[in-house]
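Close look at the chain arrangement
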Amino acid sequence: RTISFIPPDGTFELMSYRLNTSVRPPIWVDAVIEQRVSRVDYLVKARTQLGPRSVARDIKITVPVLPDVSSPEFQTKSGRVKYVPANDTLVWHIRKFKGGEGNNELTMRGWFSLPSVGKDDERDASTRRPITVEFEIPYLAVSGLQVRFLKVVEKSGYVALPWVRYVTVNGDYQVRLV
């Protein structure tokens, strides 16, 4: 197919599209929540299914926590984790996540104290909220769509640089806990 157009000045987005077919998620998240009498433990694993030349950037994994937790402690070798009490969530931010064999899984552990008295209904409902994942993968089109030829015709003498930038972003990506 051919697209002909008159571009505006500056940077612009020519095309954006959505996929309605099933695609393997580039980043897969698993979480295990273990609730005890006086504390709750979180184990979150993030796996990449990217090729060795791809790198995901600015990954933010938002995990819902119980509304009455306190005294957060976190352990991870990659990224940083912070507790956001206003939203009853913990946010794990990973700057870069390389694809390929050997380095395709990251782990985060979190511990929170629980008060001795709590409403089980509220606690159950809060663990049913989805985990959200945000990311950006430059230079990758998950769909396989490629621009094979790009020609810029400029009659005014202006020198245009023809190039295409592929970026995969998360969209509405949620993981439900069962």
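Residues numbered from 1 in each chain as written. Predicted model: local features only at pLDDT ≥ 70, side-chain atom pairs only at ≥ 80, totals over all residues. Heavy atoms only, no water.

Looking at a positive patch on the surface
Among the surface-exposed residues, Arg 57, Lys 60, Arg 80, Lys 82, Arg 95, Lys 96, Lys 98 and Arg 165 lie close enough to one another that they form a single positively charged patch. Elements with a minimum of two residues in the positive patch: β3 (55-64), β5 (80-84) and β6 (89-98). Of all the elements, β6 adds the most residues to the positive patch, at 3 residues. The topology assignment puts Arg 80 in strand β5. (Patch = residues over 30% accessible without salt bridge, like charges linked within 9 Å, V, L, I, M, F, W, Y side chains within 5 Å. Areas by Shrake-Rupley, 256 points an atom, 1.4 Å probe, with all protein chains shown as cover. Salt bridge = Lys/Arg side-chain N within 4 Å of Asp/Glu carboxyl O. Lys, Arg positive; Asp, Glu negative; His and termini not counted. Charge placed at Lys NZ, Arg CZ, Asp CG, Glu CD. Helix = DSSP H or I, 4+ residues; strand = E, 2+ residues; numbered from the N terminus.)

Re a nonpolar patch on the surface
A cluster of nonpolar side chains, Ile 3, Phe 5, Phe 12, Leu 14, Met 15, Tyr 17, Leu 19, Val 23, Val 142 and Leu 145, forms an exposed patch at the surface whose accessible area comes to about 870 Å². Here Phe 5 is to be found in the segment before β1 (27-35). Given a relative accessible area of 41%, Phe 5 falls into the partly exposed group. (Buried < 20%, exposed > 50% of the residue type's maximum accessible area, 1.4 Å probe, protein only.)

A few points about the side chain of His 93
Along the chain, His 93 turns up in strand β6. The contact partners of His 93, leaving out residues within four places of it in the chain, are Asp 58, Ile 59, Lys 60, Gly 79 and Arg 80. (Contact = heavy atoms within 4.5 Å.)

Describing the nonpolar core
As a rule of thumb, nonpolar side chains are buried together in soluble globular proteins. Counting 30 residues, the largest nonpolar core has Val 29, Ile 59, Ile 61, Val 69, Trp 92, Phe 112 and Val 133 as the members making the most contacts within it. Mapped by element, the contributors of at least two residues to this core are β1, β2 (39-48), β3, β5, β6, β7 (105-113) and β8 (131-138). The residues touching Val 29, leaving out its near neighbours within four places in the chain, are Val 44, Lys 45, Ile 61, Ile 131, Val 133, Tyr 173 and Val 175. (Core = buried A, V, L, I, M, F, W, Y, C linked by side-chain atoms within 4.5 Å.)

Description of the packing of aromatic side chains
Across all of its chains, the model carries 3 aromatic pairs by this definition. Summarising the aromatic geometry, the rings of Phe 74 and Phe 112 are spaced 5.7 Å apart at their centres and angled 80° between planes, so their arrangement reads as edge-to-face. You can see Phe 74 sitting in strand β4 (residues 70-76) and its partner Phe 112 sitting in strand β7, a full 38 residues away along the chain. Judged by relative accessible area, Phe 112 falls into the buried class, the value being 1%. With a centroid separation of 5.3 Å and an interplanar angle of 65°, the aromatic rings of Tyr 83 and Phe 112 are classed as edge-to-face. Taken together, the positions of Tyr 83 in strand β5 and Phe 112 in strand β7 put the pair 29 residues apart, joining distant regions of the chain. Taken together through their ring pairs, the aromatic side chains of Tyr 42, Phe 74, Tyr 83 and Phe 112 make up a single cluster. (Phe/Tyr/Trp six-rings, centres within 6.5 Å; stacked < 30°, edge-to-face > 60°.)

Observations regarding the sheet that holds β1
Here 4 strands make up an open sheet; going across it, the order is β1-β2-β7-β4 and the pairing antiparallel. One side of each edge strand has no neighbouring strand; the edge strands of this open sheet are β1 and β4. The mean angle between the axes of side-by-side strands here comes to 15°, regardless of whether they run parallel or antiparallel. Note: β4 against β7, 5 bridges, orientation antiparallel. Residue pairing in the sheet places Phe 74 in a bridge with Gly 110 of β7. (Pairing = 2+ DSSP bridges. Axes fitted to C-alpha atoms, helices over the stretch in contact; angles between N-to-C directions.)

Examining the pattern of salt bridges
One pass over the structure, following the stated rule, counts 5 salt bridges. In this structure, Asp 30 and Arg 47 form a salt bridge, with 2.8 Å as the shortest nitrogen-oxygen distance. Residue Asp 30 is found in strand β1, and its partner Arg 47 is found in strand β2; the two are separated by 17 residues along the sequence. Residue classification places Asp 30 among the partly exposed positions, given a relative accessible area of 30%. Classification of Arg 47 as partly exposed rests on a relative accessible area of 29%. Here Glu 105 makes a salt bridge to Arg 47, at a shortest N to O gap of 2.9 Å. Here the residue Glu 105 occupies a position in strand β7, and Arg 47 occupies one in strand β2, the gap between them amounting to 58 residues. Using a relative accessible area of 38% as the deciding quantity, one classes Glu 105 as partly exposed. Shared partners join several salt bridges into a network, and the residues in it are Glu 34, Arg 36, Arg 39 and Asp 41.

Without other data, these values stay purely geometric and don't point to any function.
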